[in-house]
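Understanding the architecture of this molecule
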Amino acid sequence: MGGTVRLTAAQAMTRWLSEQMTGEGVRFIEGVWAIFGHGNVAGIGEALHGIGEALPTWRGQNEQTMAHAAIAFAKGHARRRAMAVTSSIGPGATNMITAAALAHVNRLPVLFIAGDVFAGRRPDPVLQQIENFDDGTVSANDCFRPVVRYFDRITRPEHLLTALPRALRVMTDPADCGPVCLSFCQDVQAEAYDWPEAFFAPRVWRIRRPEPDMRELEEAAELIRTAKSPVIVCGGGVIYSGAEAALTEFAERHNIPVIETQAGKSALGQAHPMNYGAVGVDGSAAANRVAAKADLVIGIGTRLQDFTTGSRTLFGEAKLIGINVQPYDATRHGAVSLVADAKVALEKLTAKLGDYRADAADRQARADWLTAVDAHCAAPAGGNELPTDAQVIGAVQRASTPASIAMCAAGTMPGALKLLWQAAPGGYHMEYGYSCMGYEIAGAMGLKLARPDREVLCFVGDGSYMMANSELATAVMRRIAFTVILTDNRGYGCINRLQQGCGGEEFNNLYKDCNVEAQPQIDFVAHAASMGAHAVKASGIPDLEAQIAAARGRDIPTVIVIDTTAVPGPGDGLEAAGHWWDVAVPEVGGSEKLKRAYAEYLDHAARQSLAN
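Residues numbered from 1 in each chain as written. Predicted model: local features only at pLDDT ≥ 70, side-chain atom pairs only at ≥ 80, totals over all residues. Heavy atoms only, no water.

**So, the overall build of the protein chain**
Which entries qualify depends on this criterion: For the purposes of this entry, the term helix denotes a DSSP run of H or I that reaches at least four residues, the term strand denotes a run of E that reaches at least two, and both are numbered from the N terminus. Computation of the radius of gyration draws on C-alpha atoms alone. For the globule rule, the value is 2.2 Å times the number of residues to the power 0.38. Relative accessibility under 20% of the residue-type maximum defines a buried residue, over 50% an exposed one, and the middle range a partly exposed one, all with a 1.4 Å probe and only protein chains included. Here, residues are in contact when the closest pair of their heavy atoms is within 4.5 Å. For accessible areas, the Shrake-Rupley method is used with a probe of radius 1.4 Å. Any residue's cover is judged against the shown protein chains and nothing else. Within this scheme the basic residues Lys and Arg register as positive and the acidic residues Asp and Glu register as negative, but His and the chain ends are omitted. Charged side chains are reduced to one point each, which is NZ for Lys, CZ for Arg, CG for Asp and CD for Glu.
If you tally the helices and strands in the protein chain, you get 24 helices and 22 strands. Taking 2.2 N^0.38 as the reference for a compact globule, 612 residues should give roughly 25 Å; the C-alpha atoms of the protein chain span a radius of gyration of 25 Å, in line with that estimate. In the protein chain, which comprises 612 residues, the proportion classed as buried is 58%. Taking as baseline every contact in the protein chain between residues at least 6 positions apart, the subset at least 24 positions apart corresponds to 76%. Summed over all atoms, the accessible surface of the protein chain reaches about 24300 Å², with 52% contributed by carbon and sulfur. In the protein chain, 55 positive and 67 negative side-chain charges are present, and the distance between their average locations comes to 5 Å.

**A short note on the sheet that holds strand β4 (residues 57–59)**
What counts, and what does not: Strand pairing follows a simple DSSP-based rule, namely that at least 2 bridges must link the two strands. Note on definitions: angles span 0 to 180 degrees between N-to-C directions of axes, and those axes are lines fitted to C-alpha atoms, for helices only across the stretch in contact.
Strands sit in the order β4-β3-β5-β6-β8-β7 across an open sheet of 6 strands; the sheet is parallel. Unpaired on one side and paired on the other, β4 and β7 (150–154) mark the two borders of the sheet. Sheet twist, expressed as the mean angle between neighbouring strand axes with direction ignored, is 20°. Here 3 bridges tie strand β3 (residues 29–34) to β4, and the two strands are oriented parallel to one another. If you follow Ala 34 over to β4, its bridge partner there is Arg 59.

**Notes on the packing of helix α3 (residues 63–76) against helix α5 (residues 97–106)**
Spelled out, the test is: Should an angle fall under 35 degrees it is taken as roughly parallel, and over 145 as roughly antiparallel, whereas 65 to 115 is taken as roughly perpendicular and any remaining angle as oblique. Rotating anticlockwise by less than a right angle from the far helix to the near helix defines a left-handed crossing, while the corresponding clockwise rotation defines a right-handed one. Residues are grouped as follows: Ala, Val, Leu, Ile, Met, Phe, Trp, Tyr, Cys and Pro are nonpolar; Asp, Glu, Lys and Arg are charged; every other residue, Gly included, is polar.
Contact geometry for α3 and α5: axes closest at 8 Å, N-to-C directions at 20°. The angle between α3 and α5 places the two elements in the roughly parallel class. Every pair of crossing elements has a handedness; the one defined by α3 and α5 is right-handed. Each of Gln 64, Ala 67, His 68 and Ile 71 in α3 lies in contact with α5, whose residues at this interface are Thr 98, Ala 99, Leu 102 and Ala 103. Here the contact of α3 with α5 is built from residues that sort into 5 nonpolar, 3 polar and no charged.

**Observations concerning the environment of Pro 212**
Relative to the helices and strands, Pro 212 is located in the loop between β10 (203–205) and α8 (214–225). Look at Pro 212 and you get buried, because its relative accessible area is 7%. Pro 212 sits 328 residues away from Gly 540 along the chain, and the two C-alpha atoms are 53 Å apart. If near-sequence neighbours (up to four positions away) are discounted, Pro 212 is found in contact with Leu 217, Leu 338, Val 339, Ala 340, Val 344 and Lys 348.

**So, the packing of aromatic side chains**
We apply this condition: Between 30 and 60 degrees the pair is tilted, below 30 it is stacked and above 60 it is edge-to-face, where a pair is any two Phe, Tyr or Trp rings, Trp via its six-membered ring, whose centres lie within 6.5 Å. Criterion for a charge above a ring: Arg CZ or Lys NZ at most 6 Å from the ring centre, at most 35 degrees from the ring normal.
Under the criterion given, the structure shown has 12 aromatic pairs. Seen from their ring centres, Trp 33 and Trp 58 are 5.5 Å apart, and the 55° between their planes marks the pair as tilted. Highlighted residues: Trp 33 in strand β3 and Trp 58 in strand β4, separated in sequence by 25 residues. Taken individually, Trp 33 and Trp 58 each receive the classification buried, so the pair is uniform in this respect. In this structure an aromatic cluster arises from ring pairing among Trp 16, Tyr 193, Trp 195, Phe 199 and Phe 200. Looking at Arg 15, its charged tip hangs above the ring of Phe 200, at a distance of 4.4 Å from the centre.

**Digging into the pattern of salt bridges**
Keep this limit in mind: Throughout this description, the term salt bridge denotes a Lys or Arg side-chain nitrogen within 4 Å of a carboxyl oxygen of Asp or Glu.
Evaluation of the coordinates by the stated rule reveals 35 salt bridges. Ionic pairing is found between Arg 332 and Asp 329, a salt bridge with its closest N-O pair at 3.0 Å. Glu 455 serves as the salt-bridge partner of Arg 552, at 2.7 Å between the closest nitrogen and oxygen. Within this pair, whereas Arg 552 is found in the loop between α23 (541–551) and β22 (558–563), its partner Glu 455 is found in strand β19 (residues 455–461), the two being separated by 97 residues in sequence. On the basis of relative accessible area, Arg 552 is assigned to the partly exposed category, the value being 38%. Its relative accessible area of 12% is what places Glu 455 among the buried residues. A cluster of three or more residues bridged by salt bridges with shared partners is formed by Arg 149, Arg 169, Asp 173, Asp 176 and Arg 208.

**What to know about the pairing of strand β11 (residues 230–234)**
Of all the 5 residues making up β11, 5 are buried; the element is thus mostly covered by neighbouring parts of the structure. Every second residue of β11 is oriented toward a common face, with Pro 230, Ile 232 and Cys 234 on one face and Val 231 and Val 233 on the other, all of them buried. Judged from the 5 bridges that link them, β11 and strand β14 (residues 296–300) form a sheet pairing that is parallel. Paired with Pro 230 across the bridge in β14 is Leu 296. Bridge count between β11 and strand β12 (residues 258–260): 3 bridges; the pairing is parallel. For Ile 232, the partnering residue across the bridge sits in β12 and is Val 258.

**Thoughts on the packing of helix α10 (residues 244–254) against helix α14 (residues 342–353)**
In contact at an axis separation of 9 Å, α10 and α14 are set at 25° when each is read in the N-to-C sense. As judged from the angle between their axes, α10 and α14 are roughly parallel. As α10 packs across α14, the resulting crossing turns out to be left-handed. Of α14, the residues touching α10 (which contributes Ala 246, Leu 247, Phe 250, Arg 253 and His 254) are Lys 343, Leu 346, Glu 347, Leu 349, Thr 350 and Leu 353.

**What about the side chain of Asp 142?**
This is how the line gets drawn: A 3.5 Å cut-off defines polar contacts: any pair of N or O atoms within that distance qualifies, except that in protein one atom must be a possible hydrogen donor and the other a possible acceptor, and neighbouring residues in sequence count only when both atoms are side-chain atoms.
Take Asp 142: it is sitting in the loop between β6 (111–116) and β7. A polar contact of 2.7 Å, which involves the side chain of Asp 142, links it to the backbone nitrogen of Ser 139. Among the polar contacts made by the side chain of Asp 142, one reaches the side chain of Arg 145 at a distance of 2.6 Å. Once you skip the residues sitting within four places of it in the chain, Asp 142 turns out to touch Thr 137 and Arg 153.

**Comments concerning helix α24 (residues 592–605)**
Filter applied, for reference: By definition here, a helix of n residues has an expected span of 1.5 Å times n minus one. An arc is given here, and it is the one of the directions from the helix axis to the C-beta atoms.
In a regular helix each residue adds 1.5 Å, so 14 residues correspond to 20 Å; α24 covers 20 Å between its end C-alpha atoms and thus fits that length. Within α24, the full set of buried residues consists of Leu 594, Ala 597, Tyr 598, Tyr 601 and His 604. Seen from one end, α24 has its buried residues packed into an arc of 125°, which puts them on one side. Looking at the buried side of α24, the elements it contacts are α21 (493–501).

**Structural notes on the state of the cysteines**
Defined as follows: Disulfide assignment relies on a single distance test, namely cysteine sulfur atoms paired within 2.5 Å.
In the structure shown here, the tally under the stated rule is 0 disulfides. Here Cys 514 is not cross-linked by a disulfide; its sulfur's nearest cysteine counterpart is in Cys 494, at 15 Å.

Here you go:
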């Protein structure tokens, strides 16, 4: 039998994590974001100090935003690497719940190591302990259970012998991939145990490529062979699979247009003639036109959520094929499932289809759309009007390079960017599964850590900036350079437009419509500069372009603030842009505007597909 080594449970965990490798020979867990408090400072804190650079520790400003940075890092690595985040018990742990939900919805790996109460219960109730009067086993960390893919409470040191491999299995599984929570009781962290030395042998974790069932493959191929006007919906699974080249070849060989989800955007560059742009609620006229006319929709690595399907009104009577590693996603909306890795599935379908080619798609519609976008995003002709979000996007687009990555998360900009941004391959990073305000700044930092060779252009509205901006200080301290384009429309402009579109009155979204004694005068330039960022106010669109170019020589974040109009929306004035989104409208109310909105709602709802 092999020997043993005596370590605390926390020391054993950090040592084990430091030995878990990717197929490329680097750590799968790059390091640990940590804010210490009672519940993790004595046990995990001591262990992280001891392990040193074999498993680096970084300090952030908020547990949620540290986790956002970790999630963006994993997304930037297409799920092939990840980070861990540790917190104290109580509010430190529950601060991470939102980030855990974000990672779960987006199918992204992150390891949450949340401090917990005493397993031995001797000092109960300890500071910050949540007590359930009817269940002594419950702690605040049970809030993680619905928003992680794997949860384990470590109440004995030897639990780690099984819990840690299970955690990495989930994080590297293409179908089950998502966040993991190890709820680590604070007394157990410090408890010593004689660990088998073999437990710490280096291990390589490879992300497998599931092969399709031959019957499913033949059924999918036959459906494509008999289709005249199929369309591909490209989801994030294409990128996580590394199937970009396979998608390009498949679309070209079989003459099938590609339309994009938020997560799938940039798998195929916008310049490619088979890319018809964004689909759905925030979709292009060209993409939604081919979607509406399609007799077969081939969803690849997508959940086909409501923004993609126009709340189930866009695809009409078209048959669906769902290509996905997760059977839960492959069968959505009654789709014929092809459960497999995206790259493998596309290669095998191509072999089955031979010289099949679909009827020619409407290339003129694509050209007309791109021409309209260029005009819509052009710099203002002059005057004193505030620029629109579309004009801001146009300025950033003109100042960008093929190495630029546009990233965002919530508010107006996600829909506007999906609709208008003409991404180069790999040039788009959007958190829209959870659409979490406050992801942007921390996410930009995590993305830059993952992709130091690329320029990160972070779009954030004033509302999201106010929710979470403190990781700017972390980025300054660590000399992580990215560029923030902060659009100030003086409130929640996106939701203000949605509120009015649903028949409501302007209320509690823009500051001017809020119950305040005085309108805020927030100096975003001074605020960002106070954390050490280079901060400037752009005087207009030409200055915005110049400031983006100037930021490239810096080793700290640059924040460029520009005032924008709260109206119109990003697609206003673009013919046939967008599609209906199911947001429930009050059935009764006093205003004529509300009655008209409800009548329109019923008209759209009557067209919804009821498929599973």
